[in-house]
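# Tertiary structure, described
The primary structure of each chain is shown beneath.
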Amino acid sequence: MIKIYRWPQKYVTYSVPLVLLIGFLIGSFVDTSILQPTLLIATIIMIYATMIGFNFNELTSLKGTKVLMFSVLINFLIVPLVAYLLGISLLKDHPLMFAGLALSALLPTSGMTISWTVLQRGNVGAAVKLTIFGLIIGSVLTPWYLLLMVGQFVEINIMMTMRTILLVVFVPMILGQITYKLILKKTTVENFNKKIKPNFGPLSIWAMLYVVFVSISTKATMITSNLTLIWIALAVLILFYFINFVISTIFAIKFFNREDGIALVNGTVLRNLSIAIGIAATSFGAEAALIVTLAFVVQQQGIVNYAKIAMPRWFQLKS
């Protein structure tokens, strides 16, 4: 059982694509929409597992300020510009998909940002900062960016976004601290870091895989029913993420150490597609939601393959 529990974390480059495939196949034949409400719980668990033992002082320290400033520059100037240029050049005949691409570009960071930073042994404190500030700034700016980029104003419920931030970041953080304090009543900090803390990592990965499965399976029929648009959307998305990975990596290598660089890449390339899908479906329709759904596939595969390439090279862990 222990080997099964730890397998997804040990072989994450295989477990994520496998779950994507399983989710797509099951979702093509079975309606899994009943699982949609459980995504929030899974996301909370995913973050909770990474927050046990997290140092609260890292949030208020000035250590991650430089990373935060660069992430704001990339997330709210460079990435939207990349999406706009791709949209007007490749999606001008598909304005609804252009809107979906814009939404994907304008809502940065998610629980995946923190999970992947933990997995890659990056600066978790900086990743948390980027997640919190990215969602707040993104929720405020997105309606106005959409007005400029696609000519249609989309109202975003700021209070609902704040509630989401509270649930998926602050609640797991508080629960993680309570758990940590309770554990320290029974053991030492050294023993916790050496023997107990590593056991929480696989829990976060299992929760992440569940989020991947539900997100893909519930949108499988939408993907199969729009085959004519899939290739266009995939081509644009692959180019979009490739450009973003390159830009973020250049900034990370040039201006930051390994840990901060990993947080910067994960905080600027990974987008909050769960929120984007909801806005796209309700405000623009199925065609916009389709490209956001496919973005989830490209994003998951992109970060898995990027980690496989980047970790042994420019983000190599020093012995």
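Higher on the page you've got the structure.
Counting from 1, residues in each chain are numbered in the order their sequence is written. Local features are withheld for residues below a pLDDT of 70 in this predicted model, meaning they are given only at 70 or higher, and side-chain atom pairs are given and counted only at 80 or more; totals for whole chains, interfaces and linings count all residues. Side-chain descriptors were evaluated using all non-hydrogen atoms of the structure, hydrogens and water having been removed beforehand.

### Overview of the packing of helix α5 (residues 65-90) against helix α13 (residues 227-255)
What counts is decided by this rule: To obtain each axis, a line is fitted to C-alpha atoms, and for helices this fit is confined to the stretch in contact; angles are then taken between N-to-C directions over 0 to 180 degrees. Secondary structure elements are defined from DSSP: runs of H or I of at least 4 residues count as helices, runs of E of at least 2 residues count as strands, and each element is numbered from the N terminus. Should an angle fall under 35 degrees it is called roughly parallel, over 145 degrees roughly antiparallel, and 65 to 115 degrees roughly perpendicular, with every other angle called oblique. In a left-handed crossing the near helix is turned counterclockwise from the far helix by less than a right angle, and in a right-handed crossing that turn is clockwise. Only heavy atoms enter the contact rule, under which two residues are in contact if any of them lie within 4.5 Å. Side-chain classes follow a simple rule in which Ala, Val, Leu, Ile, Met, Phe, Trp, Tyr, Cys and Pro form the nonpolar group, Asp, Glu, Lys and Arg form the charged group, and the remainder, Gly included, forms the polar group.
Direction vectors running N to C along α5 and α13 enclose 150°, while the axes themselves pass 10 Å from each other. In terms of orientation, α5 lies roughly antiparallel with respect to α13. Crossing of α5 over α13 shows right-handed handedness. The segment α5 lies against α13, with K66, F70, L73, I74, I78, V79, V82, A83, L86 and L90 engaging V236, L239, F240, I243, N244, I247, S248, F251 and F255. When the residues that make up the contact of α5 with α13 are grouped by side-chain class, the tally is 16 nonpolar, 2 polar and 1 charged.

### A look at the packing of aromatic side chains
Stated formally: Only centres within 6.5 Å qualify two rings of Phe, Tyr or Trp (six-membered ring in Trp) as a pair; their planes then separate them into stacked at under 30 degrees, edge-to-face at over 60, and tilted for everything else. Accessibility here uses a 1.4 Å probe with only protein chains present; expressed as a share of the type maximum, an area under 20% marks a residue as buried, one over 50% as exposed, and anything in between as partly exposed. Here, a charge over a ring means that NZ of Lys or CZ of Arg falls within 6 Å of the ring centre while also lying within 35 degrees of the ring normal.
This model, assessed by the stated rule, comprises 9 aromatic pairs. A ring pair is formed by F245 and Y306, whose centres lie 4.6 Å apart and whose planes are at 20°; its orientation type is stacked. With F245 in helix α13 and Y306 in helix α16 (residues 286-310), the pair connects residues that are 61 residues apart, well separated along the chain. You'll find F245 and Y306 in the same group, each marked buried. Its guanidinium or amino end placed over the ring of F255, K254 lies 5.8 Å from that ring's centre, counting from NZ or CZ.

### Comments concerning the packing of helix α3 (residues 39-51) against helix α11 (residues 201-217)
Here α3 crosses α11 at 155°, and the two axes come no closer than 8 Å. By the criterion of interaxial angle, the relationship of α3 to α11 is roughly antiparallel. Crossing of α3 against α11: the hand is left-handed. Mapping the contact onto sequence places L39, A42, T43, I45, M46, A49 and T50 in α3 and L203, S204, A207, M208, Y210, V211, V214 and S215 in α11. Class assignment of the residues belonging to the contact of α3 with α11 gives a composition of 11 nonpolar, 4 polar and no charged.

### What to know about the side chain of K219
What counts here: Charged residues are defined narrowly, with Lys and Arg counted positive, Asp and Glu counted negative, and His plus the chain ends left uncounted. Salt bridges are defined as contacts in which a side-chain nitrogen from Lys or Arg sits within 4 Å of a carboxyl oxygen from Asp or Glu.
Structurally, K219 is set in the loop between α11 and α12 (220-224). Despite its burial, K219 pairs with no opposite charge; the closest candidate is D31, at 9.9 Å N-O. Ignoring any residue separated from it by four or fewer positions in sequence, one finds K219 in contact with I277 and T293.

### A closer look at the side chain of N244
Checked against the element boundaries, N244 lands in helix α13. A relative accessible area of 1% places N244 in the buried class. Other than its neighbours up to four places away in sequence, N244 contacts V79, V82 and V269.

### Brief notes about unusual backbone geometry
Glycine aside, a negative phi is what most residues show, and trans is what most peptide bonds show. Even without glycine at this site, R121 takes up a positive phi of about 60°. Structurally, the position occupied by R121 is in the loop between α7 (111-119) and α8 (124-150). Note on R121: relative accessible area 56%, which makes it exposed.

### Digging into the nonpolar core
Side chains that are nonpolar tend, in soluble globular proteins, to be buried together. For clarity, the threshold we go by: Each nonpolar core is a collection of buried residues, namely Ala, Val, Leu, Ile, Met, Phe, Trp, Tyr and Cys, held together in the definition by side-chain atoms within 4.5 Å.
Residues L101, M112, V128, F240 and Y241 are the most contacted members of the largest nonpolar core, which totals 92 residues. Of all the elements, α16 adds the most residues to this core, at 14 residues. Y241 has contacts with V269, R271, L273, A295, V298 and Q299, leaving out every residue within four places of it along the chain. I52, I183, F192 and F200 belong to the second-largest nonpolar core, a separate cluster that totals 5 residues.

### Considerations on the pattern of salt bridges
Scanning all chains against the criterion turns up 1 salt bridge. Between R258 and E259 there is a salt bridge, and its shortest N-O distance comes to 3.9 Å. Take R258: its relative accessible area is 14%, and that puts it in the buried class. According to the relative accessible area criterion, E259 is partly exposed, its value standing at 31%.

### As for a nonpolar patch on the surface
The line we're drawing: Patches here are clusters of residues that have more than 30% relative accessible area and form no salt bridge, with a 9 Å joining cutoff for like charges and a 5 Å cutoff for nonpolar side chains (Val, Leu, Ile, Met, Phe, Trp, Tyr). Computed with the Shrake-Rupley method and a 1.4 Å probe, the accessible areas treat only the protein chains shown as cover for residues.
Together, W7, Y11, Y14, L18, I22, I26, F29 and V30 give the surface a local cluster of nonpolar side chains, amounting to about 800 Å² of exposed area. Mapped onto the elements, W7 comes out in helix α1 (residues 2-10). With a relative accessible area of 36%, W7 lands in the partly exposed category.

### As for helix α6 (residues 95-106)
As a reminder of what qualifies: Given the number of residues in a helix, its expected span is that number minus one, multiplied by 1.5 Å.
Helix length check: α6 (12 residues) gives 16 Å between terminal C-alpha atoms against 16 Å at 1.5 Å per residue, within 8%. Summarising burial for α6: 10 of the 12 residues are buried, a large majority.

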